[in-house]
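Letter by letter, the chains look like this.
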Amino acid sequence: MDTRERPAQARLLPTTHSSLAFGVPVSARHTLYALALTGGITVGPEEGCTIRFGRNRPDVDVCVGEDDRKVSRQQGTLTRENGRWWLRNTGRLPLRLPARLLFAEEEPLPLDEGYTPLFVRGSNNREHLLEVYVTGSDGTRPATRYRDVTDPPRTWRLTPDERLVLVALGQRYLLHHPRPHPLTWAQTAEILDDLYPDAGWTAKRVEHLVVAVRNRLSHSGVPGLTREEVGQPVGNTLNDNLIRELLLSTTLVPPDLDLLDDEV
């Protein structure tokens, strides 16, 4: 039997409720919706209100992964504080958001208006979904924009040498390897020296060009490209972050592999 005392004015959402990705009805400003396979809940933006989610159905507001012991009995909370909704991880497994992981005991994350999917990885690589939706300042979902011109991604300007080096450095990503990582400076220089033996490619020259691109993008606001940000040990993290930014921005795309001919 469900013994959880719910927040005042909370309304349950049935298991048949449509995905929150399709939007929500017009609601009070900053109303929260949370939905899993087992149903969900919606509450108004009352300061101090907390919604709990996890495996233990009687003690949470939204049950997630109730048949999977990898999911914590209370996996996380959604709390209204200081005029915003905040996500906390109170379980053992990380919560996967679209852009990052949130681990237990990390500082809570503020939720943006609109739709946010949260995932918990369970047994046998199962992924349990919790959908969250926070209504906009006017209490509505964002207006449909299907007739608007598509906003292009922000691509980064690269010189021909920079592009060539970065394609060689990040070729495993462009080739869709399952767990890609950047080549070393020496490996990259060796590939380029084979292609262009008279161009003077060395590991030091490769490093100089890549570090210049990292610094340029970091100064333009791209996170995770400096040693101070990522901490020790650095390893491949800086170049991994750089290559992923170049891919996500479509600055580098798989056809760029043509620059390496058959060297890949």
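Calculation criteria
Residues numbered from 1 in each chain as written. Predicted model: local features only at pLDDT ≥ 70, side-chain atom pairs only at ≥ 80, totals over all residues. Heavy atoms only, no water. Patch = residues over 30% accessible without salt bridge, like charges linked within 9 Å, V, L, I, M, F, W, Y side chains within 5 Å. Areas by Shrake-Rupley, 256 points an atom, 1.4 Å probe, with all protein chains shown as cover. Salt bridge = Lys/Arg side-chain N within 4 Å of Asp/Glu carboxyl O. Lys, Arg positive; Asp, Glu negative; His and termini not counted. Charge placed at Lys NZ, Arg CZ, Asp CG, Glu CD. Helix = DSSP H or I, 4+ residues; strand = E, 2+ residues; numbered from the N terminus. Buried < 20%, exposed > 50% of the residue type's maximum accessible area, 1.4 Å probe, protein only. Pairing = 2+ DSSP bridges. Axes fitted to C-alpha atoms, helices over the stretch in contact; angles between N-to-C directions. Parallel < 35°, antiparallel > 145°, perpendicular 65-115°, else oblique. Left-handed = near helix turned anticlockwise from the far one by under 90°. Contact = heavy atoms within 4.5 Å. Nonpolar A, V, L, I, M, F, W, Y, C, P; charged D, E, K, R; others polar. Core = buried A, V, L, I, M, F, W, Y, C linked by side-chain atoms within 4.5 Å. Phe/Tyr/Trp six-rings, centres within 6.5 Å; stacked < 30°, edge-to-face > 60°. Lys NZ or Arg CZ within 6 Å of the ring centre and 35° of its normal.

J.: Before we go on, may I ask you to explain a negative patch on the surface in this structure?
T.: A cluster of acidic residues, Glu-190, Asp-193, Asp-194 and Asp-198, forms a negative patch at the surface. If you trace the backbone, Asp-198 turns up in the loop between α3 (185-195) and α4 (203-219).

J.: What's the story with the pairing of strand β7 (residues 84-89) in this structure? I'm lost.
T.: It is a general feature of regular strands that their side chains alternate between the two faces of the sheet. Side chains of β7 alternate between two faces, with Trp-85, Leu-87 and Asn-89 buried and Arg-84, Trp-86 and Arg-88 left unburied. As defined by bridge partners, strand β6 (residues 76-81) adjoins β7 across six bridges and the pair is classed as antiparallel. By the bridge assignment for β7, Arg-80 is matched with Trp-85. What sits between β6 and β7 in their antiparallel hairpin is a turn of two residues, with Asn-82 showing a positive phi close to 55°. Relative to strand β10 (residues 109-110), β7 runs antiparallel, the two sharing two bridges. Counted as the bridge partner of Leu-87 is Leu-109 from β10.

J.: Honestly, unusual backbone geometry in this entry has me stumped. Any pointers?
T.: Glycine aside, residues mostly have negative phi angles, and peptide bonds mostly take the trans form. One non-glycine residue, Glu-105, adopts positive backbone phi at about 70°. With respect to the secondary-structure elements, Glu-105 resides in the loop between β9 (101-102) and β10. By relative accessible area, Glu-105 is classed as exposed at 80%. With a phi angle near 55°, Asn-124 is a residue other than glycine that sits in the positive phi range. Locating Asn-124 in the fold gives a position in the loop between β11 (114-121) and β12 (127-134).

J.: Help me out: how do you make sense of the packing of α3 against α4 in this one?
T.: Direction vectors running N to C along α3 and α4 enclose 110°, while the axes themselves pass 8 Å from each other. The angle between α3 and α4 falls in the class roughly perpendicular. The way α3 lies across α4 gives a crossing that is right-handed. Contacts between α3 and α4 involve Trp-185, Ala-186, Thr-188, Ala-189 and Leu-192 from the first element and Ala-203, Val-206, Glu-207, Val-210 and Arg-214 from the second. In terms of residue class, the contact of α3 with α4 is built from seven nonpolar, one polar and two charged.

J.: When you look at the nonpolar core in this model, what are you seeing that I'm missing?
T.: When a protein is soluble and globular, its nonpolar side chains tend to lie buried together. Formed by 29 residues in total, the largest nonpolar core has its most connected members in Leu-166, Leu-192, Leu-217, Leu-242 and Leu-260. When residues of this core are traced back to their parent elements, those giving at least two are α1 (160-169), α2 (171-174), α3, α4 and α6 (237-248). Considering every element that reaches this core, the biggest residue donor is α1, with six residues. Leaving out residues up to four positions away in the same chain, Leu-260 has contacts with Leu-164, Val-167, Ala-168, Gln-171, Leu-192 and Leu-195. With 24 residues, the next largest nonpolar core counts Cys-49, Leu-95, Leu-97 and Val-120 among its residues.

J.: For this particular structure, what's the right way to read the pattern of salt bridges?
T.: If charged atoms from side chains of opposite charge come close, those side chains can pair. A full pass over the atoms with the stated rule returns 13 salt bridges. A salt bridge links Glu-162 to Arg-216; the nearest nitrogen and oxygen atoms lie 3.0 Å apart. You can see Glu-162 sitting in helix α1 and its partner Arg-216 sitting in helix α4, a full 54 residues away along the chain. Its relative accessible area of 32% is what places Arg-216 among the partly exposed residues.

J.: Explain the environment of Leu-129 here, please?
T.: Looking at the secondary structure, you find Leu-129 in strand β12. Sequence-wise, Leu-129 and Gly-224 are 95 residues apart; in three dimensions their C-alpha atoms are separated by 27 Å. Look past the residues within four positions of Leu-129 in its chain and what remains in contact with it is Leu-35, Ala-36, Pro-117, Leu-118 and Phe-119.

J.: Just checking my understanding: could you explain the packing of aromatic side chains for this structure?
T.: Describing an aromatic ring pair means giving the distance of the ring centres and the angle of the ring planes. Using the criterion set out here, one finds zero aromatic pairs in the structure. Looking at Arg-96, its charged tip hangs above the ring of Phe-119, at a distance of 4.4 Å from the centre. Against the face of Trp-201 rests Arg-205, its NZ or CZ located 3.7 Å from the ring centre.

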